[in-house]
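Chains, contacts and geometry: an overview
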Amino acid sequence: MGSCRAWAPPELLVLSMWLWASSAGPTQPPGPTLRVRLAGYPRKHNEGRVELFYNDEWGTICDDDFTLANAHVLCRHLGFVAATGWAHSAKYGKGVGRIWLDNVNCAGGEKSIGDCKHRGWGNSDCSHEEDAGVICKDERIPGFKDSNVIETEQSHVEEVRLRAVVVGARRQLPVTEGVVEVRYKDGWAQICDEGWSSHNSRVVCGMLGFPAEKKINRNFYKLASKSQPKQKRREDVGSKKRLLTGRQQLTYRLHSVSCAGTELHLSMCAFEFYRGNASAACGAGSPAVVSCAPGPQFATGSGHKKKQRQQQQPQQGQPRIRLKGGAKVGEGRVEVLKGNEWGTICDDRWNLLSASVVCRELGFGSAKEALTGARMGQGTGPIHMNEVQCLGTEKSLWSCPFKNITQEDCKHSEDVAVRCNVPYMGYETLIRLSGGRSRFEGRVEVAVEAGAGEQPRWGLVCSEGWGTLEAMVACRQLGLGFANHGLQETWYWDASNVTEMVLSGVKCAGHEMSLSHCQHHGSSLNCRNTGTRFAAGVICSETASDLLLHAPLVQETAYIEDRPLHMLYCAAEESCLSSSARLANWPYGHRRLLRFSSQIHNNGRADFRPKAGRHSWVWHECHRHYHSMDIFTHYDILTPNGTKVAEGHKASFCLEDTECEEDVAKRYECANFGEQGITVGCWDLYRHDIDCQWIDITDVKPGNYILQVVINPNFEVAESDFTNNAMKCNCKYDGHRIWVHSCHIGDALSEEANKRFEQYPGQLNNQIS
């Protein structure tokens, strides 16, 4: 892809501050002047998170396959004689912007990290939670000269928070209003508000996960900083707010902050540090105070939520942008609505400014990462936009300059994605796993609020009704990605002293941020098996599969066959015929079958594997094959008002890689009791001429119908997106022939187009019950 010029205000270069902006992958190899620096906190001058300045941007290195040899090369580049160690999992804090290198493999003698083997500049499947760091031996190379001098004093702004100072606000999350503080040494320091502007507030709010700032009465907050030592709290005249104004030693760290409002991080703004003794600093000012407007998902209070809903009401009804395929709230593949059809965006010139417009439009803060190369899975349908170039001030992505493209310009392997800043809600503190072999698995324990002043007590979740959707929410709340399995028996993880069941009847839709947001029995526990053996458990994964049907093939291959009953004994044994077939005069007569081919693609980031291991697969002698899933697909004929008039089901007797994309190798083959599954980038083809690849329409009367195919209908196997598992077609049956048309994935069209398709109001989801 073509590269784009990074946005770099001149004041950033003067201050030697962070520059975080995303661009498409560079085409030129790195020169000998590759710059390296150490960043992060807490750290000493000879250790920290590794950051590389490449293609006019600072970025990090992923810790995958990182070794001490890599650290030796980096430390020598920085002027140290050698490395004594390295750090993984963002020990020195998470960076922002690009992850330049991944899977780095140095021999140890290279002059630059760019000379080592790696996946390519900007090609990474990591998040900033995997940023690598190094610990260098505190001994300089004799005569080493480099402009990249590592300062002993921390000279970057990394962590920022809002400290609530209003009585009652401290217990509420998210914190939307308070004093702005930056991490300094072992504590927090304030910012002088002299010259503070709404642009500054917008940047701070964006960092903290809020789409916009609100006006605030700064004079009200001056009471807190100017209060007398003996005063514990004080009432503002005419205000119901009360301030927590206990005497506090203020430590000012920054002053003269000046942001344009489009910066992604406070460190990208112009500002100055207080040096030396700052006790008399900010004489004419006070600590900077900010108030943020939360997005609709994070609004608290009914009045606030109502106001948010009014503000968020789009001009034309349905939102024109959405995120798909992300494990966490505020991340996913970016999809936009154009001409009543959802499509994706090509990654040419995709950067953090454009990503931030997406994030704020969706009710989140600014962007943490602008992802390219279908990092959140490949989309389907049209690619609506390319070379999007936002300034960062736009209210909608559609207001940004972009190019319309032809199919030759881009492929879905170049779909863009985002990771947005979201408000801290503390949900992960109310859940934990115990007994597992790794942090990604275990028995689920949840915190239940106790009385005032008491510590919350931990308890177990009843496993009755616990499945993949509930496990998905638990893994999201834990911050561990997707769910591989939701387990109803966890006797093998009996390693905790927590034995009491405290939550039962949990039923989730799958999109919730916390188990407490799902339906459940409340304080009245109702669980038949309260023993720890039947406590709910999960196995989480950072990636998941994503199956979807190739809709045009169904439309192209559909036809009717009158099949003699004497050829359908095996099909009857496997329940592939309608119930009236039992009353037929076997072996005489026939059944009328609607046949079609199914081509099921895995567009996710993990292979699709049957839930059951091969030890529990069932052998069917009649067809001489193994069933690895009881039901893999549902085939239904429905009336326009949703009534089911014919049905079929497909057991996944043979999940395998029929064909794959270029450069993708087949991994699964059913022959000789082989492993079953569908590899990422491959598809499984069920031809129209095999048994059970049909719907028995013998009893269906002539008329207009909907053909619906649903993959993985019982959510037996986890996927990153269940909303694209259904495909629908319009059908016209005259009693002799059938016409199948307008086939599409269930969530591919706008709400308005779906209403027209269904021919009755209210049917907006992708499955019809």
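Our subject in this report is the structure included herewith. (Residues numbered from 1 in each chain as written. Predicted model: local features only at pLDDT ≥ 70, side-chain atom pairs only at ≥ 80, totals over all residues. Heavy atoms only, no water.)

1. Looking at the side chain of Arg360
Counting through the fold element by element, Arg360 comes out in helix α6 (residues 352-361). Salt bridges are absent for the buried Arg360, whose nearest opposite-charge side chain, Glu213, sits at 5.8 Å. Only 3.4 Å separates the side chain of Arg360 from the backbone oxygen of Arg202, close enough to count as a polar contact. Residues contacting Arg360, with those up to four places away along its chain left out, are Arg202, Gly206, Phe210, Pro211, Ala212, Gly365 and Ser366. (Helix = DSSP H or I, 4+ residues; strand = E, 2+ residues; numbered from the N terminus. Buried < 20%, exposed > 50% of the residue type's maximum accessible area, 1.4 Å probe, protein only. Lys, Arg positive; Asp, Glu negative; His and termini not counted. Salt bridge = Lys/Arg side-chain N within 4 Å of Asp/Glu carboxyl O. Polar contact = N/O pair within 3.5 Å; in protein donor to acceptor, adjacent residues only side chain to side chain. Contact = heavy atoms within 4.5 Å.)

2. Quick look at the sheet that holds strand β29 (residues 559-564)
Pairing is antiparallel in the open sheet, where three strands are placed in the order β29-β30-β38. Strands with a single pairing partner mark the edges of an open sheet, and in this sheet they are β29 and β38 (694-696). Across the sheet, the axes of successive neighbouring strands diverge by a mean angle of 35°, strand direction being ignored. Examined bridge by bridge, β29 and strand β30 (residues 590-595) share six bridges and lie antiparallel to one another. Across the sheet, the residue bridging to Asp562 is Arg592, located in β30. (Pairing = 2+ DSSP bridges. Axes fitted to C-alpha atoms, helices over the stretch in contact; angles between N-to-C directions.)

3. A few points about the packing of aromatic side chains
Counting across every chain of the model gives 16 aromatic pairs. Here the aromatic rings of Phe53 and Trp58 are separated by 5.0 Å at their centres, their planes lie at 50°, and the arrangement is tilted. By the burial criterion, Phe53 is buried, and Trp58 matches it. Where Trp100 meets Trp121, the ring centres are 6.3 Å apart and the plane angle is 65°; that geometry is what we call edge-to-face. Here Trp100, found in strand β5 (residues 98-101), pairs with Trp121, found in the loop between β5 and β6 (133-136); they are 21 residues apart in sequence, far enough to count as distant. Trp121 carries the same exposure label as Trp100, and that label is buried. Members of the aromatic cluster, each reached through a chain of ring pairs, are Tyr54, Trp100 and Trp121. Lying across the ring of Trp342, Arg322 places its NZ or CZ 4.1 Å from the centre. (Phe/Tyr/Trp six-rings, centres within 6.5 Å; stacked < 30°, edge-to-face > 60°. Lys NZ or Arg CZ within 6 Å of the ring centre and 35° of its normal.)

4. Description of the nonpolar core
If you look at the biggest cluster of nonpolar residues, it comprises 35 residues, and the most contacted ones within it are Phe596, Phe632, Leu707 and Met727. Where this core is concerned, the elements lending two or more residues are β28 (547-549), α8 (551-557), β34 (633-638), β39 (703-711), β40 (726-733) and β41 (738-745). Dropping the residues within four chain positions of it, Leu707 is found in contact with Val554, Leu594, Phe596, Asp636, Ile637, Ile695, Met727, Lys728, Cys729, Cys731 and Val740. Grouped together as the second largest cluster of nonpolar side chains are 29 residues, Leu469, Val473, Leu480 and Ala718 included. (Core = buried A, V, L, I, M, F, W, Y, C linked by side-chain atoms within 4.5 Å.)

5. Description of the state of the cysteines
Evaluation of the coordinates by the stated rule reveals 16 disulfides. Through a disulfide, Cys346 is tied to Cys410; the S-S separation comes to 1.8 Å. The sign of the -80° torsion about the S-S bond sets the Cys346-Cys410 disulfide as left-handed. Taken together, the positions of Cys346 in the loop between β18 (341-345) and α6 and Cys410 in the loop between β20 (383-385) and β21 (417-420) put the pair 64 residues apart, joining distant regions of the chain. Accessibility classification places Cys346 together with Cys410 in one group, the buried group. Two residues share a disulfide in this structure: Cys462 and Cys527, whose sulfurs sit 2.1 Å from each other. Between Cys462 and Cys527, the S-S torsion sits near 75°, and that sign places the bridge as right-handed. Taken as a pair, Cys462 in the loop between β24 (457-461) and α7 (468-478) and Cys527 in the loop between β26 (501-503) and β27 (537-541) lie far apart in primary sequence, 65 residues in all. Residue Cys462 shares its accessibility class with Cys527, and that shared class is buried. As a non-bridged cysteine, Cys731 has Cys729 as the owner of its nearest cysteine sulfur, 6.2 Å distant. (Disulfide = S-S within 2.5 Å.)

6. Considerations on unusual backbone geometry
With omega at 5°, the peptide bond leading from Leu173 into Pro174 counts as cis. Tracing the backbone shows Pro174 in the loop between β7 (160-163) and β8 (177-184). Of note, the amide linkage connecting Trp586 to Pro587 takes the cis form, showing an omega dihedral of 0°. Inspection of the secondary structure puts Pro587 in the loop between α9 (569-573) and β30.

7. Let's talk about helix α2 (residues 68-77)
Among the 10 residues in α2, seven count as buried, and that is most of the element. Taken residue by residue, α2 has Ala69, Asn70, Ala71, Val73, Leu74, Cys75 and His77 as its buried positions. Buried residues along α2 sit in contact with β1 (35-39), β2 (47-54), β3 (57-61), β4 (83-87) and β6. Count one or two residues on from α2 and you reach Gly79, which has phi positive near 100°.

8. Here we look at the pairing of strand β22 (residues 431-435)
Of the strand pairs in this sheet, β22 and strand β23 (residues 441-448) are connected by five bridges, and their pairing is antiparallel. Looking across to β23, one finds that Arg432 is bridged to Glu445. Counted between consecutive antiparallel strands, the loop separating β22 from β23 contains five residues.

9. What to know about the pattern of salt bridges
One pass over the full model with this rule turns up 34 salt bridges. Two residues, Arg49 and Glu51, come together in a salt bridge whose shortest N-O distance is 3.0 Å. Like Arg49, the residue Glu51 is buried in the burial classification. Here the residues in one salt-bridge network are Arg322, Lys324, Arg333, Glu335, Asp721 and Asp747, joined through shared partners.

10. A short note on the sheet that holds β39
The sheet built from five strands is open, its strands ordered β35-β34-β39-β40-β41 with antiparallel pairing. Edge positions in the sheet fall to β35 (644-650) and β41, since each has one partner strand and no second. Averaged over all pairs of adjacent strands, the angle between strand axes in this sheet comes to 20°, irrespective of strand direction. Pairing geometry for β40 and β41, over six bridges, is antiparallel. Looking at β41, one finds that Met727 is bridged to Ile745.

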